[in-house]
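Breakdown of the fold
Listed below, chain by chain, are the residues.
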Amino acid sequence: DSNSLFKRRIKGIKTQNEENEWEKMEQKGKSIPEPRRYSAGVVLGDSFYLFGGINNGSFLNHFWKMKITNCEWEKMNLKDLNGNIFQIPKRKSHLMFCDIFRNQIFVYSGHNGNSYLKDMFKLSLNSSNNEIIVEEMKFQQIGNNSPIFGRYGARLLFSFNSDNQLAFIFGGEIENGNKTNEILCFDIKKKTICIFNPSKEIQLFLILVSKYPKIRV
């Protein structure tokens with residue numbers, strides 16, 4: 001497990017001598033995240049947000065924010081809709097994604113050491129007071145009535161635009177260690193979920209993309 005932070009200079013951004021070089025960054029803050037693996041994070045605005053994972057077998061559930069400009073960490077306090085302190089349950093191998101149009105972050109699924117999870121939490125960020133409000137989402141299943149199992153290691157295919165809040169999530173490991181090629185479609189606004197069944201060709205393509213992220217259309 002590690003909590004080291006590295007930055008890569010991208011070709012064309014810096015001078016020729018600095019292209020494609022990795023640099024270990026000095027992390028700042030009153031405290032920094034513990035070393036961990038199987039965590040998840042997203043970039044939203046000028047900050048990187050980190051949640052979950054395990055450290056020496058211990059599951060973590062602190063929510064961290066790092067300013068990208070100076071690598072300064074801050075442990076965030078989350079509140080529920082009633083203003084009470086709230087903590088998202090501990091987990092690993094979960095999925096995090098964000099809605100840049102509405103300044104929201106989502107945490108979905110994962111494993112807590114005992115069971116496969118299928119819960120989703122919406123985190124609404126208020127930049128004016130640095131406050132994060134958490135809502136556990138409850139979805140109504142529509143269409144195909146096949147059971148939707150908890151899972152970990154799922155991948156986000158594509159998500160929101162300025163008009164809708166649809167998130168399409170692919171694959172993962174479900175109960176009994178089985179792998180799945182299901183695509184789940186979440187409508188955040190309508191609070192519905194359905195199983196999307198693509199053709200075999202699309203399923204194969206999605207499996208390849210999930211295993212080899214460098215594949216491009």
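Quick summary incoming for the structure in this document. (Residues numbered from 1 in each chain as written. Predicted model: local features only at pLDDT ≥ 70, side-chain atom pairs only at ≥ 80, totals over all residues. Heavy atoms only, no water.)

Details of the overall build of the protein
For the protein, the count of helices and strands is 1 helix and 21 strands. Residues classed as buried in the protein amount to 40% of the 217 residues present. Across the protein, every contact between residues at least 6 apart in sequence was considered, and the portion connecting residues at least 24 apart equals 47%. As displayed, the protein offers around 12,800 Å² of accessible surface, 49% of which is attributable to carbon and sulfur atoms. (Helix = DSSP H or I, 4+ residues; strand = E, 2+ residues; numbered from the N terminus. Buried < 20%, exposed > 50% of the residue type's maximum accessible area, 1.4 Å probe, protein only. Contact = heavy atoms within 4.5 Å. Areas by Shrake-Rupley, 256 points an atom, 1.4 Å probe, with all protein chains shown as cover.)

Things to note about the sheet that holds strand β3 (residues 40-44)
In spatial order, the strands read β3-β4-β7-β8; together these 4 strands make up an open sheet with antiparallel pairing. Pairing within the sheet leaves two strands with one partner each, and these edge strands are β3 and β8 (72-76). For this sheet, the mean angle separating the axes of adjacent strands, direction not counted, is 25°. Pairing geometry for strand β7 (residues 63-67) and β8, over 5 bridges, is antiparallel. From the neighbouring strand, Phe63 faces β8, where its bridge partner is Met76. (Pairing = 2+ DSSP bridges. Axes fitted to C-alpha atoms, helices over the stretch in contact; angles between N-to-C directions.)

Some words on the pairing of β3
The side-chain alternation of β3 yields one buried face, formed by Ala40, Val42 and Leu44, and one unburied face, formed by Gly41 and Val43. Sheet topology places β3 next to strand β4 (residues 47-51); 5 bridges connect them, and they run antiparallel. Residue pairing in the sheet places Gly41 in a bridge with Leu50 of β4. What sits between the antiparallel neighbours β3 and β4 is a turn of 2 residues, in which Gly45 has the positive phi angle 65°.

Focus: the side chain of Glu135
Its place among the elements puts Glu135 in strand β14 (residues 131-137). Discounting residues that sit within four places of it in the chain, Glu135 has contacts with Leu81, Met120, Phe121, Lys122 and Lys191.

Details of the pattern of salt bridges
Within this structure, the stated rule accounts for 10 salt bridges. Among the salt bridges present, the one from Glu34 reaches Arg36, with a minimum N-O distance of 2.7 Å. Owing to a relative accessible area of 25%, Glu34 belongs among the partly exposed residues under this scheme. According to the relative accessible area criterion, Arg36 is buried, its value standing at 9%. Across the pair Arg151 and Glu182 runs a salt bridge whose closest N-O atoms are separated by 2.9 Å. In this pair, Arg151 is assigned in strand β16 (residues 151-152) and Glu182 in the loop between β19 (173-174) and β20 (183-187), connecting sequence segments 31 residues apart. Residue Arg151 shares its accessibility class with Glu182, and that shared class is buried. Salt bridges sharing partners connect three or more residues here, namely Lys122, Glu135 and Lys191. (Salt bridge = Lys/Arg side-chain N within 4 Å of Asp/Glu carboxyl O.)

Remarks on the sheet that holds strand β11 (residues 95-99)
What the 6 strands build is an open sheet, ordered β10-β9-β14-β13-β12-β11; its pairing is mixed. This sheet does not close on itself; its edge strands, each paired only once, are β10 (85-86) and β11. Here 2 bridges tie strand β9 (residues 78-79) to β14, and the two strands are oriented parallel to one another. Bridging from a neighbouring strand, Lys79 pairs with Ile133 of β14.

Quick notes on the side chain of Arg151
Residue Arg151 is classed as buried on the basis of its relative accessible area of 0%. A distance of 2.9 Å separates polar atoms of two side chains, one belonging to Arg151 and the other to Glu182. Beyond its immediate chain neighbours, meaning those up to four positions away, Arg151 contacts Tyr108, Ser109, Gly110, Tyr116, Leu117, Gly171, Glu173, Ile174, Thr180, Glu182 and Leu184. (Polar contact = N/O pair within 3.5 Å; in protein donor to acceptor, adjacent residues only side chain to side chain.)

Re unusual backbone geometry
Of note in this structure, Ser109 is not a glycine but carries a positive phi near 60°. By the element assignment, Ser109 lies in strand β12 (residues 104-111). Within the chain, Lys191 stands out as a residue other than glycine whose phi angle is a positive 60°. Residue position: Lys191 is located in the loop between β20 and β21 (192-196).

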